[in-house]
Amino acid sequence: MSGFDKDWLTLREPADRDARSLSLLQSFNRYISSAPPPRTILDIGCGTGSTYRTLAPALPDATWKLLDYEATLLEEAKRQIGEKDGIEFLCRNLNQLDDAVLDGVSMVTASALFDLCSAQFSDRFAAQLVGRNIGLYAALNYDGQMQWTVRHPFDEQVVEAFNRHQHFDKGLGPALGPDATDHLSSLFEASGFSVSVATSPWQLRGDMAELQMAFLAGLKRPILEIGNIEEAAFSEWLDFRLSQIGSDDSVCIVGHTDLLAFPNL
Ligand SMILES: C[S@@+](CC[C@H](N)C(=O)[O-])C[C@H]1O[C@@H](n2cnc3c(N)ncnc32)[C@H](O)[C@@H]1O
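Attention here is on the structure that accompanies the text. This is a predicted model, so every value here is computed, not measured.

**Quick word on the packing of helix α1 (residues 6-19) against helix α8 (residues 209-226)**
- Between α1 and α8, the least distance of the axes is 10 Å, while the angle of their chain directions is 125 degrees. When the axis of α1 is compared with that of α8, the two are oblique. Both α1 and α8 take part in a crossing whose hand is left-handed. Touching W8, L11, R12 and A15 of α1 are E210, L211, A214 and F215, all from α8.

As structure tokens, then:
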């Protein structure tokens, strides 16, 4: 169980779409469009299919494999996208991935995934891609930055505790958390791939109140697990943060980075 439910993924999808780096999306489209057919894209940790919905409209010739180990999320992806030619849904665990899943793949995509992965998993997976000349678009990796335009004296402590928790094991080994993009970038550069990195922050205003509330509520468990902030102090901070949602000058910024790496063919 990954603990990501479909309602959370549905809430974050519009913010993710707005946040993705446009220039990396354009480079991704150019790269795929120039790859020899069949242009097959494997989306790992696909959830309910957010990455497919964002990328597929610009790539009508591409075929897709959507992979996740959560059967309920994959079912939801199937329900939203529909079963059609050129798209396959694979219920697989990335920890036990059969190499054959990469057969015929031109590019792997992943969104909000690599910050959950360990260095060991990333090293192994990147080596598989490099060995097969397959590129990677890894978007929306949390980069450790969380800010609010209306400040609270406790913000820094909360962010620091959250960032420590980001390195806990989320099922794929001790997580890279905010180091994910730098780690991937070094791996692919060392292998001679062309690598681009761009920021893709969420900028959450009043029109994303529900996402902000869910995001703030989701901070409680990790912060209390880290244990250096008293529950009462956290609740006071949370009440303040919730009270600010929707006020004109309040924006919540959550930093991410996108990475695009492809072989120089
Ligand atoms: C933060 S969600 C992102 C989902 C989707 N990419 C999106 O952007 O909406 C991370 C996804 O990775 C999947 N995941 C986590 N660990 C996995 C594993 N070991 N094997 C396959 N999928 C995994 C989860 O089930 C979840 O769907």
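That was the structure; now back to the text.
**Quick word on the site of the ligand**
- Looking at the ligand, there are 20 residues lining it, with G45, D68, N93, L94 and S111 nearest.
- Contact between the ligand and G45: a nitrogen atom at 2.7 Å from a main-chain N or O atom of the residue.
- Interatomic distance of 2.9 Å between a side-chain N/O atom of N93 and a nitrogen atom of the ligand.
- Protein contact buries 99% of the 590 Å² of open area that the ligand shows by itself.
- Judged by the fraction of its atoms near the pocket grid, the ligand is located in the largest pocket.

**Notes on the pairing of strand β2 (residues 63-68)**
- β2 sits mainly inside the fold: five of its six residues count as buried.
- Note that strand β1 (residues 40-44) and β2 share five bridges and pair parallel. Considered in β2, the bridge of I41 is made with W64.
- Handedness of the β1-helix α3 (residues 50-55)-β2 crossover: right-handed.
- In this sheet, strand β3 (residues 87-91) lies alongside β2 in parallel orientation, the contact comprising five bridges. Opposite K65, over in β3, you have E88 as the bridge partner.
- For the crossover from β2 across helix α4 (residues 71-81) to β3, the handedness is right-handed.

Basis of the calculations
- All residue numbers here refer to positions counted from 1 along the written sequence of the relevant chain.
- With pLDDT at 70 or above as the cut-off, local features in this predicted model cover only qualifying residues; side-chain atom pairs require 80 or more to be listed or tallied, and sums for whole chains, interfaces and linings still use all residues.
- For the side-chain quantities, the full set of heavy atoms in the structure was used; hydrogens and water were omitted.
- Only C-alpha atoms enter the line fits that serve as axes; for helices the fit covers just the stretch in contact. Angles between N-to-C directions range over 0 to 180 degrees.
- Only runs of H or I of at least four residues qualify as helices and only runs of E of at least two qualify as strands under DSSP, and these elements are numbered from the N terminus.
- Each angle gets one of four labels, with under 35 degrees taken as roughly parallel, over 145 as roughly antiparallel, 65 to 115 as roughly perpendicular, and the rest as oblique.
- Crossings are sorted by hand: turned counterclockwise from the far helix by less than a right angle, the near helix makes the crossing left-handed, and turned clockwise it makes it right-handed.
- Contact criterion: two residues are considered in contact whenever any of their non-hydrogen atoms come within 4.5 Å of each other.
- Nearness is defined per residue: one heavy atom within 4 Å of the molecule or strand is enough.
- A 3.5 Å cut-off defines polar contacts: any pair of N or O atoms within that distance qualifies, except that in protein one atom must be a possible hydrogen donor and the other a possible acceptor, and neighbouring residues in sequence count only when both atoms are side-chain atoms.
- Per-residue and other accessible areas were derived by the Shrake-Rupley procedure at a 1.4 Å probe size, with only the shown protein chains allowed to occlude residues.
- Whether a set of points on the 1 Å grid over the protein atoms alone is a cavity depends on a 1.4 Å probe fitting there but being unable to get out, while an open set qualifies as a pocket with protein on both sides within 12 Å along at least five of seven lines; lining residues are those with an atom within 4 Å of a point.
- In this scheme, a molecule is assigned to a cavity or pocket if more than half of its atoms are within 2 Å of the grid points.
- Relative accessibility decides the category of a residue: with a 1.4 Å probe and only protein chains considered, values under 20% of the type maximum give buried, values over 50% give exposed, and everything between is partly exposed.
- Paired strands, in this sense, are two strands between which DSSP finds at least two bridges.
- A clockwise path from the first strand over the helix to the second, with the strands pointing away from the viewer, defines a right-handed crossover.

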